[in-house]
Amino acid sequence: MEQQYYVEMRDINKQFGDFQALEQINFGIEKGKLIGLLGPSGSGKTTILRILAGLETAETGDIIINGQVVNDIPASQRGIGFVFQNYALFRYMTVFENVAFGLRVQKWPKSRVKERVNEMLRLVGLEGLEKRYPSQLSGGQRQRVAFARALAPEPQLLLLDEPFAAIDAKVRQELRRWLKGMISTVGITSIFVTHDQEEAIEVADEIIITNQGRIEQIGKPVDIYRNPTTPFVARFIGDSAELENVHLFPGFEYAADQIKHAIIRPEYLTVYKKGEPVEYPNSVEPGVVVQSAFRGTVTEYQIRLSDGTILTANRLVDTAPLAEGEQVQIFARRLLAFDEERAFPVENICLAGVRPYVI
Amino acid sequence: MKRKQKKKTRVIPGFGLSLGVTVTILSLVVVIPLCSLVVFTSQLSFSDFLSTVTSSRVMSSYWVSFSTALVASLINAGMGLMIAWVLVRYDFPGKRIMDGMIEIPFALPTAVAGISLTHLTTTNGWVGSLFDKIGIQIAYTRIGITVALVFIGIPFVVRSVQPVLEKIDPQYEEAAGMMGATRCYTFFRVILPEILPALIAGFTMAFARCLGEYGSVVFIAGNTPYKTEITPLLIMAQLQEYDYASATSIALVMLIAAFLILFINAVLQSRTSKIVSGIE
Ligand SMILES: Nc1ncnc2c1ncn2[C@@H]1O[C@H](COP(=O)(O)OP(=O)(O)O)[C@@H](O)[C@H]1O
Ligand SMILES: [Mg+2]
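Residues numbered from 1 in each chain as written. Chains lettered and ligands numbered in written order. Predicted model: local features only at pLDDT ≥ 70, side-chain atom pairs only at ≥ 80, totals over all residues. Heavy atoms only, no water.

1. Regarding the interface of chain B and chain A
Working step 1: Taken together, the contact between chain B and chain A spans 24 residues of the former and 26 residues of the latter.
Working step 2: Contact between chain B and chain A buries roughly 2300 Å² in total, counting both sides, with carbon and sulfur atoms accounting for 63%.
Working step 3: The largest share of the area that chain B buries against chain A comes from Met-178, Met-179 and Ile-275 of chain B, three residues that together contribute 33% of it.
Working step 4: On inspection of chain B and its partner chain A, the count reaches 3 salt bridges.
Working step 5: Residues Glu-174 of chain B and Arg-50 of chain A are paired through a salt bridge, measuring 2.7 Å at the closest nitrogen-oxygen approach.
Working step 6: At the junction of chain B with chain A, the criterion picks out 5 residue pairs in polar contact (both at pLDDT 80 or more).
Working step 7: When contributions to the side of chain B that touches chain A are tallied by element, the ones reaching two or more residues are α9 (170-178), α10 (183-212) and α13 (244-277) of chain B.
Working step 8: With 7 residues, the single largest contributor to the side of chain B that touches chain A is α9 of chain B. (Contact = heavy atoms within 4.5 Å. Buried area = accessible area lost by both parts, 1.4 Å probe. Salt bridge = Lys/Arg side-chain N within 4 Å of Asp/Glu carboxyl O. Polar contact = N/O pair within 3.5 Å; in protein donor to acceptor, adjacent residues only side chain to side chain. Helix = DSSP H or I, 4+ residues; strand = E, 2+ residues; numbered from the N terminus.)

2. Quick notes on the environment of Gly-78 of chain B
Residue and element names in this part refer to chain B.
Working step 1: Within the secondary structure, Gly-78 is located in helix α3 (residues 56-89).
Working step 2: Judged by relative accessible area, which is 40%, Gly-78 ranks as partly exposed.
Working step 3: For Gly-78 and Leu-199, which are 121 residues apart along the polypeptide, the C-alpha to C-alpha distance reads 9.2 Å. (Buried < 20%, exposed > 50% of the residue type's maximum accessible area, 1.4 Å probe, protein only.)

3. So, the pattern of salt bridges
Residue and element names in this part refer to chain A.
Working step 1: This structure, assessed with the given rule, holds 28 salt bridges over all chains.
Working step 2: Across the salt bridge formed by Glu-8 and Arg-10, the nearest N and O atoms sit 3.0 Å from each other.
Working step 3: Where Lys-180 meets Asp-205, a salt bridge forms, and the shortest distance between an N and an O atom there is 3.8 Å. With a gap of 25 residues between them, Lys-180 in helix α5 (residues 169-186) and Asp-205 in the loop between α6 (197-203) and β9 (206-211) connect regions that are remote in the sequence.
Working step 4: Taking relative accessible area as the criterion, Lys-180 reaches 31% and is therefore assigned partly exposed.
Working step 5: When its relative accessible area of 28% is taken as the criterion, Asp-205 is described as partly exposed.
Working step 6: The structure contains a network of salt bridges with shared partners spanning Arg-176, Arg-177, Asp-196, Glu-199 and Glu-202.

4. Description of empty space enclosed by the protein
A probe as big as a water molecule, rolled over the atoms, marks out the empty space that is left.
Residue and element names in this part refer to chain B.
Working step 1: Using the criterion set out here, one finds 2 cavities of 30 Å³ or more in the structure.
Working step 2: Along the walls of the second largest cavity sit Ser-65, Thr-68, Leu-149, Cys-210, Leu-211, Glu-213, Val-217 and Ile-230, which together make up its complete lining.
Working step 3: Those elements that place two or more of their residues in the lining of the second largest cavity are α3 and α10.
Working step 4: Residues of the lining of the second largest cavity, tallied by class, amount to 5 nonpolar, 2 polar and 1 charged. (1 Å grid on protein atoms, 1.4 Å probe; cavity = no way out; pocket = protein on both sides within 12 Å on 5 of 7 lines; lining within 4 Å. Points joined across faces, edges and corners; volume = space filled by probe spheres on them. Nonpolar A, V, L, I, M, F, W, Y, C, P; charged D, E, K, R; others polar.)

5. Some words on the nonpolar core
Working step 1: With 90 residues, the main nonpolar core has Met-9, Phe-90, Phe-101 and Leu-159 of chain A together with Leu-165 of chain B as its most contacted residues.
Working step 2: The biggest single contributor to this core is α3 of chain B, with 11 residues.
Working step 3: When sequence neighbours within four positions are dropped, the list of residues in contact with Leu-159 of chain A reads Leu-49, Leu-52, Ala-53, Ile-80, Gly-81, Phe-82, Val-83 and Ile-191 of chain A.
Working step 4: One finds Val-83, Ala-148, Ala-200 and Val-233 of chain A within the second-largest nonpolar core, a separate group that totals 47 residues. (Core = buried A, V, L, I, M, F, W, Y, C linked by side-chain atoms within 4.5 Å.)

6. A short note on the packing of helix α12 (residues 231-240) of chain B against α13 of chain B
Helix-helix packing: each pair is described by the crossing angle between the helix axes and the interaxial distance.
Residues and elements named next belong to chain B.
Working step 1: Between α12 and α13, the least distance of the axes is 7 Å, while the angle of their chain directions is 160°. Between α12 and α13, the angle falls in the class roughly antiparallel. Note that α12 runs across α13; the crossing there is left-handed. Residues Thr-231, Pro-232, Ile-235, Gln-238 and Leu-239 of α12 form the contact with α13, whose participating residues are Tyr-244, Ser-246, Ala-247, Ile-250, Ala-251 and Met-254. (Axes fitted to C-alpha atoms, helices over the stretch in contact; angles between N-to-C directions. Parallel < 35°, antiparallel > 145°, perpendicular 65-115°, else oblique. Left-handed = near helix turned anticlockwise from the far one by under 90°.)

7. A few points about the site of ligand 1
Residue and element names in this part refer to chain A.
Working step 1: Around ligand 1 sit Phe-16, Phe-19, Ala-21, Pro-40, Ser-41, Gly-42, Ser-43, Gly-44, Lys-45, Thr-46 and Thr-47, and those are all the residues in its vicinity.
Working step 2: A distance of 3.2 Å is found between an oxygen atom of ligand 1 and a backbone nitrogen or oxygen belonging to Ser-43.
Working step 3: Gly-44 is positioned such that a nitrogen or oxygen atom in its backbone is 3.0 Å from an oxygen atom of ligand 1.
Working step 4: Out of a free accessible area of 560 Å², ligand 1 has 59% covered by protein chains.
Working step 5: Those elements that provide at least two residues to the shell around ligand 1 are β2 (19-29) and α1 (45-53).
Working step 6: Top element by residues in the shell around ligand 1 is α1. It accounts for 3 residues.
Working step 7: Looking at the shell around ligand 1 residue by residue, the classes come out as 4 nonpolar, 6 polar and 1 charged. (Near = heavy atom within 4 Å. Areas by Shrake-Rupley, 256 points an atom, 1.4 Å probe, with all protein chains shown as cover.)

8. Focus: the packing of aromatic side chains
The geometry of an aromatic ring pair is captured by the separation of the ring centres together with the interplanar angle, meaning the angle of the planes.
Working step 1: Within the structure shown, the criterion is met by 14 aromatic pairs over all chains.
Working step 2: Geometrically, the ring pair formed by Phe-90 of chain A and Phe-101 of chain A is tilted, given 4.7 Å between the ring centres and 55° between the ring planes. In this pair, Phe-90 of chain A is assigned in the loop between β6 (80-83) and α2 (95-105) and Phe-101 of chain A in helix α2, connecting sequence segments 11 residues apart.
Working step 3: A residue is classified by how much of its surface remains accessible, and Phe-90 of chain A, at 2% relative accessible area, is buried.
Working step 4: A relative accessible area of 1% means that Phe-101 of chain A is categorised as buried.
Working step 5: It is Arg-112 of chain A that lies over the ring of Trp-108 of chain A; its NZ or CZ is 4.4 Å from the centre.
Working step 6: Arg-89 of chain B extends its terminal NZ or CZ atom over the ring of Trp-85 of chain B, reaching a point 4.6 Å from the ring centre. (Phe/Tyr/Trp six-rings, centres within 6.5 Å; stacked < 30°, edge-to-face > 60°. Lys NZ or Arg CZ within 6 Å of the ring centre and 35° of its normal.)

9. A few points about the confidence of the model for chain B
Working step 1: For chain B, the mean per-residue pLDDT works out to 88, and 95% of the residues sit at or above 70.
Working step 2: Overall fold confidence for the complex sits at a pTM of 0.82, while the interface term, ipTM, reaches 0.82. (pLDDT = per-residue confidence, 0-100.)

10. Topic: the pairing of strand β14 (residues 285-294) of chain A
Residue and element names in this part refer to chain A.
Working step 1: Taken together, the 4 bridges between β14 and strand β17 (residues 327-332) define a ladder with antiparallel strand orientation. Within the sheet, the bridge partner assigned to Pro-286 lies in β17 and is Gln-329.
Working step 2: Here β14 folds back onto strand β15 (residues 298-305), and the loop between the two strands holds 3 residues, one of which, Gly-296, carries a positive phi near 95°. (Pairing = 2+ DSSP bridges.)

11. Overview of the sheet that holds strand β11 (residues 241-243) of chain A
All names here are of chain A.
Working step 1: One open sheet holds the 4 strands; their spatial order is β11-β12-β18-β19, and the pairing between them is antiparallel. The outermost strands of the open sheet, each flanked by one partner alone, are β11 and β19 (343-347). Strand-to-strand twist in this sheet, taken as the mean axis angle between neighbours without regard to direction, amounts to 35°.
Working step 2: As paired strands, strand β12 (residues 261-264) and strand β18 (residues 334-338) are joined by 3 bridges and run antiparallel to one another. Bridge pairing in β18 places Ala-262 opposite Ala-337.

12. Details of unusual backbone geometry
Excluding glycine, residues mostly carry a negative phi; peptide bonds, for their part, are mostly trans.
All names here are of chain A.
Working step 1: Residue Asn-66 is not a glycine yet carries a positive backbone phi of 55°.
Working step 2: Take Asn-66: it is sitting in the loop between β4 (60-65) and β5 (68-69).
Working step 3: Among the residues examined, Asn-66 registers a relative accessible area of 53% and is labelled exposed.

Okay, structure coming up:
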């Protein structure tokens, strides 16, 4: 049975001159979902969004919204609200006029315009500011205006290009939660672009990871995090450290021949202070604490192995603190191994059960 | 209380020196000549001054000067905006040459412009003969004066609007377009407000310049008293009769007019910059 998607891109290719900006883009989005488009800068996220919106045309492929191929439908008739990266608020219009813009253009009756704008301003929590100009607002307030302006004409699909990029870190956290709540209140299918994995993981129902104009992986944040399927995603997601000499790590010798590259994440590691009981004494590797950083519930340590590799590992606050320069022992539960095409987890032999295996 | 706050150190050094030089140059070039105007004028009693600057011939010269300058600047505002738009928004062969040609009115001696325009627009000239057939005379009428002033004023509008237009983020238009606005609606509601301050500035500069333009106009105007005699020409005429006091009196009126125009411009500019920069 084929899944019913609300928004779909099929075989989209896009070139700017000789430069292949997008290559065979295929994905589908279910109605009502909040999708994060995540990738490094220049990977084609904005271009995907602009092609969906109709601001850019692809050389090949189809864009399907609500069962209809919209390739030849102009941007304004696709039922899309777009929040631009720098908001593109009209500087010479008040907040009210900005939000009313789309409604006026679509010839809504005056009384309904006023009603709808006030409703939107209430929704985004900007009542009382309707007479201000964009220059008299904070970054977060501007974003809310842009959001209200995009939503006012009742679009079916909301696209947001790096909605938090221009906002300082303190407010960003709060705005993320706000936006997620707001979108689920309105119940609108949404796609937002970000280059910040933490943001995508926290906000999105589903993540699409782009790299060099191609899609690397699509999936729920937790799946993407746990089971990256491509080398790029394995490296890109999580606080990963790359391992040079896998065979050095006790417990993984059995797989060392098959593994070319591997990364290791903090959550795979347990750090033992000298004298603490060790669960698998045969599989620990000595290391030296190089740096520590208090992170609230955990303390983050940078630990150097004998071959010079630096790993990041966490210890809960209620455990004994480690001093810089202190000798410790590290146990790794698993590695994330990958070759040119795919990525796969490898368990420590102590945990892998009776028959050690490589997937 | 005893000591003022320490002087703030500035990022760019030499503030005192550069301010001193600026003030000196400004006084030498602008303020002192202007003061001399007032001094010369004060040789006349106030009633003499009034009767000089309100004599019927002078009054009609104001009218000629102001009406032609206003019409020419309005034409320039429209035409200059269009030229700037074409130069910024479209690519076509010869664009760079056209861009360079905008400055010709600045570079050309105004007398040369005046003579060639007169030649073109007399009833025997290439352009003038065409218009003569439909009964319109250009040279030696106010239309001719306006033509010369349009020529003089073009660069002001183009050069003030062009850079602003270049800087407008295309996302404004995309945002408006996404919401269904037509290009025309977007132009008037979104782009025009952005360039209006520059347009007004260009317009006022052109207007102020047109009011004082002498060289190119005297040839094409015909200089018939009460009809095509501009105020700067009257000032010239008084000077040639060594009547400095009368000349400076009329000049003073023009000066006040110029100040008023620039003042209005400044007020309009500060209003728009308040909206953009958010300073109350
Ligand atoms: N209008 C354009 N002309 C030429 N190249 C472009 C244009 N827009 C984007 N690109 C190129 O396409 C690539 C992807 O751009 P973009 O989609 O903006 O990336 P992202 O949003 O992921 O940072 C970049 O290398 C960029 O330089
Ligand atoms: Mg981008």
